[in-house]
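What follows is the residue order along each chain.
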Amino acid sequence: MKLEHRREIGICRGVARRERGHASVSDGFGPSGKLGRWQRSHDSVFMCCSFIFIFFAVIITVSYFFEPAILVKDDSRSDYEMQDQSGIEESLIEFVKPSGPERHQLQEVGDFKSTLEYSDDERIVPTAQTEDLSVTASQIRRMLVGDSARTSLVVVNDEATINDSRRIELSPVQSNSKPNISDVDRLKSGNPLGLAHDIKIFVYELPPEFNTDWLSDARCSNHLFAAEVAIHQVLLKSPLRTLNPEKADLFFVPVYVSCNFNPKNGFPSLSHAPAMMKEAVNLISSAEVYWNRSGGSDHIFVAAHDYGACFHAVEKQAVAAGIPEFLRNSILLQTFGRRDGHPCQEVENIQIPPYVAPQVIRKYTTSPPENRERDILAHFRGKLELHPRNVSGQLYSKGVRTRLWQKFKRDKRFFLRRKRQDGYQSEMLRSVFCLAPLGWAPWSPRIVEAVMYGCVPVIIADSISLPNSHAVDWPSISLTVGESDVDNLRRILLRVVATNLTTIQHNLWQERNRRALLYTQPLVHGDATWQIFNLLSQKVSERKFKLTSNGATTAAI
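Under the annotation held in an unreviewed UniProt entry, the protein chain carries the name Exostosin GT47 domain-containing protein and is attributed to Marchantia polymorpha. The Sequence similarities (unreviewed entry) field of the UniProt record for the protein chain holds the comment "Belongs to the glycosyltransferase 47 family." Reading the Subcellular location (unreviewed entry) entry of the UniProt record for the protein chain gives the comment "Golgi apparatus membrane".

Our focus in this paragraph is the packing of aromatic side chains. Taken as a whole and assessed by the stated rule, the structure comprises 10 aromatic pairs. With centroids separated by 5.2 Å and ring planes inclined at 20°, the aromatic side chains of F251 and Y290 adopt a geometry described as stacked. Of the two residues, F251 is situated in strand β8 (residues 250-252) and Y290 in helix α8 (residues 290-294); the sequence distance between them amounts to 39 residues. Each member of the pair, F251 together with Y290, is buried. Taken together, the ring pairs connect F202, Y204, F251 and Y290 into an aromatic cluster. For the cation-ring pair, R420 lies above Y424, with the distance from its terminal atom to the ring centre recorded as 4.4 Å.

Together, K409, R410, R418 and K419 give the surface a local cluster of positive charge. Note that R410 resides in the loop between α11 (400-408) and β15 (414-417).

Here we take up the environment of R417. Mapped onto the elements, R417 comes out in strand β15. Residues R417 and K383, 34 residues apart in the sequence, show an inter-C-alpha distance of 8.3 Å. Ignoring anything within four residues of it in the chain, the contact list for R417 reads F380, R381, G382 and L384.

For the rest of this paragraph, the subject is the sheet that holds strand β10 (residues 331-334). Taken in spatial order, the 5 strands make up an open sheet running β7-β8-β9-β10-β11, and their pairing is parallel. Of all strands in the sheet, those bounded by a partner on one side alone are β7 (201-203) and β11 (349-351). Going from strand to strand, the sheet's axes swing by 25° on average, the running direction of each strand aside. Pairing geometry for β10 and β11, over 3 bridges, is parallel. In the sheet register, Q334 faces β11, and the bridge partner there is Q351.

Moving on, we come to helix α16 (residues 501-508). Regarding α16, the residues found buried are L501, I504, Q505 and L508. Mapping the buried residues of α16 onto a view down its axis gives an arc of 95°, with all of them on the same face. In this structure, α16 carries T502 and H506 as exposed residues pointing more than 90 degrees from its buried face.

The next subject is helix α6 (residues 227-236). Among the 10 residues that make up α6, 8 are buried, leaving the element largely enclosed by the rest of the structure. Those residues of α6 lying buried are A227, E228, V229, A230, I231, H232, V234 and L235.

We now examine the pattern of salt bridges. Per the counting criterion, the structure on display carries 13 salt bridges. Residue D249 is joined to K544 by a salt bridge in which the shortest nitrogen-to-oxygen separation is 3.2 Å. Within this pair, whereas D249 is found in the loop between α6 and β8, its partner K544 is found in helix α18 (residues 528-556), the two being separated by 295 residues in sequence. By relative accessible area, which is 43% here, K544 ends up partly exposed. A salt bridge links R420 to E449; the shortest N-O distance between them is 3.4 Å. Here the residue R420 occupies a position in the loop between β15 and α12 (424-429), and E449 occupies one in helix α13 (residues 445-452), the gap between them amounting to 29 residues. On the accessibility criterion, R420 (39% relative accessible area) is partly exposed. Judged by relative accessible area, E449 falls into the buried class, the value being 5%. If you follow the salt bridges from partner to partner, you end up with E348, K539 and R543 in one network.

Calculation rules
Residues numbered from 1 in each chain as written. Predicted model: local features only at pLDDT ≥ 70, side-chain atom pairs only at ≥ 80, totals over all residues. Heavy atoms only, no water. UniProt positions renumbered as here; feature names shortened; annotations may be inferred. Phe/Tyr/Trp six-rings, centres within 6.5 Å; stacked < 30°, edge-to-face > 60°. Helix = DSSP H or I, 4+ residues; strand = E, 2+ residues; numbered from the N terminus. Buried < 20%, exposed > 50% of the residue type's maximum accessible area, 1.4 Å probe, protein only. Lys NZ or Arg CZ within 6 Å of the ring centre and 35° of its normal. Patch = residues over 30% accessible without salt bridge, like charges linked within 9 Å, V, L, I, M, F, W, Y side chains within 5 Å. Areas by Shrake-Rupley, 256 points an atom, 1.4 Å probe, with all protein chains shown as cover. Salt bridge = Lys/Arg side-chain N within 4 Å of Asp/Glu carboxyl O. Lys, Arg positive; Asp, Glu negative; His and termini not counted. Charge placed at Lys NZ, Arg CZ, Asp CG, Glu CD. Contact = heavy atoms within 4.5 Å. Pairing = 2+ DSSP bridges. Axes fitted to C-alpha atoms, helices over the stretch in contact; angles between N-to-C directions. Arc of directions from axis to C-beta.

Encoded structure:
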């Protein structure tokens with residue numbers, strides 16, 4: 001009885017162990033049984049495969065969300081930052097290293113930039129003949145540009161890599177749109193700067209007394225009229241330049257007329273400018289056929305002065321002098337412009353920004369403008385005459401600057417100083433608004449400086465036309481105050497502070513606005529010189545279209 005009871009208890013316990021997975025040794029399901037050994041082997045393989053799968057899943061996830069960062073240098077900064085490379089594949093651009101001391105240049109693919117910025121002895125430049133750039137459409141499509149993408153330069157110091165592979169990684173330029181595949185087509189068709197249309201420009205090699213001799217005075221390449229120097233220097237190294245005049249669409253005449261400084265006041269004297277340009281025209285027209293062939297209509301001159309090619313600082317006298325007859329068929333690059341028309345702009349022209357030295361901008365903009373603490377409401381430092389002289393029936397600044405001083409000189413919210421001095425840029429960096437009243441001419445370099453330092457420009461010049469308005473949305477980043485409203489300026493500024501200042505500053509601090517107004521070297525896609533080249537390319541295309549249309553009409557008749 002006891003034996004049977006024990007046997008039943010044992011059977012029940014065995015069944016229970018089977019149900020719990022703890023099989024007995026004798027039935028083959030135990031740890032030492034055949035099926036037990038098979039099950040352990042199967043479990044080991046399954047665990048190993050699971051571990052491998054999890055390992056690779058983790059690696060893929062980490063590589064997707066945490067791409068390696070690289071050190072980059074912003075064009076408009078003097079400090080280095082970390083730039084995310086997510087979504088950017090390596091694209092190839094061929095560079096050739098020349099022997100000159102200053103070797104630098106840019107290649108562009110629409111919204112994408114490839115450029116190097118080193119010290120002068122480390123720069124790389126493609127030859128003007130470089131046309132076959134191996135950038136594929138699939139690579140461009142893989143490049144992602146977000147709102148947070150910054151203009152950046154990839155710094156390469158491996159000399160062997162540059163010489164052997166000649167490959168450079170493209171970095172995104174700030175943009176709100178995806179890259180256009182047509183930009184790749186432009187590259188492959190010989191349009192390496194990504195302009196609206198491909199053009200070639202021939203640069204005359206004039207005797208040095210017309211240009212380079214003047215550079216012995218350092219002011220020549222750094223003052224507010226120095227765009228004539230900056231454009232020439234960039235063009236000499238540009239892939240747009242052709243050494244064969246027969247292939248040229250346009251001809252650039254490099255004459256530095258703004259470097260003859262008055263020994264008394266230090267300002268440029270322009271009285272010699274018409275004769276100097278006329279002498280250059282006589283030289284090229286007698287030595288080459290190209291001026292005579294077109295009557296100078298495809299020739300470019302820079303007139304970065306108060307009233308452009310009228311070559312005088314005072315409006316009444318500038319209008320009386322007029323544009324020299326020999327320049328009336330040519331293309332003029334000039335800082336002067338008015339919306340209501342003016343005798344000094346009755347010539348084919350492109351309005352360009354006044355020159356502000358990029359090295360000075362970089363010196364003071366070591367951090368983004370939005371990170372600056374601004375404790376000055378309104379800033380102006382410059383010529384503020386207590387009793388403006390009457391010159392040929394015209395008051396300096398039409399009396400606007402005098403009224404500013406009289407009205408606000410005791411207002412603690414206004415920082416007004418009657419003389420410029422070194423370091424005034426630091427004052428602009430502390431200011432919310434920077435006043436830019438007219439002087440003798442309506443335009444002022446303060447407009448560009450204000451944008452560079454993140455200070456809202458307050459433009460006080462009726463009917464002024466602003467440069468690069470196709471690229472810079474001036475109404476969204478500046479204020480325009482009528483000359484007759486100067487007495488109400490404090491109320492106007494405080495109202496803006498209380499309403500839409502934040503929106504204006506957000507628009508102003510977009511990097512593309514600063515870039516479009518600055519003459520950088522080397523050339524950067526979208527900078528002031530690039531904008532000029534792009535507008536010139538459109539002019540060439542329009543002319544070709546007109547010639548084609550006229551030819552078709554004549555043939556039909």
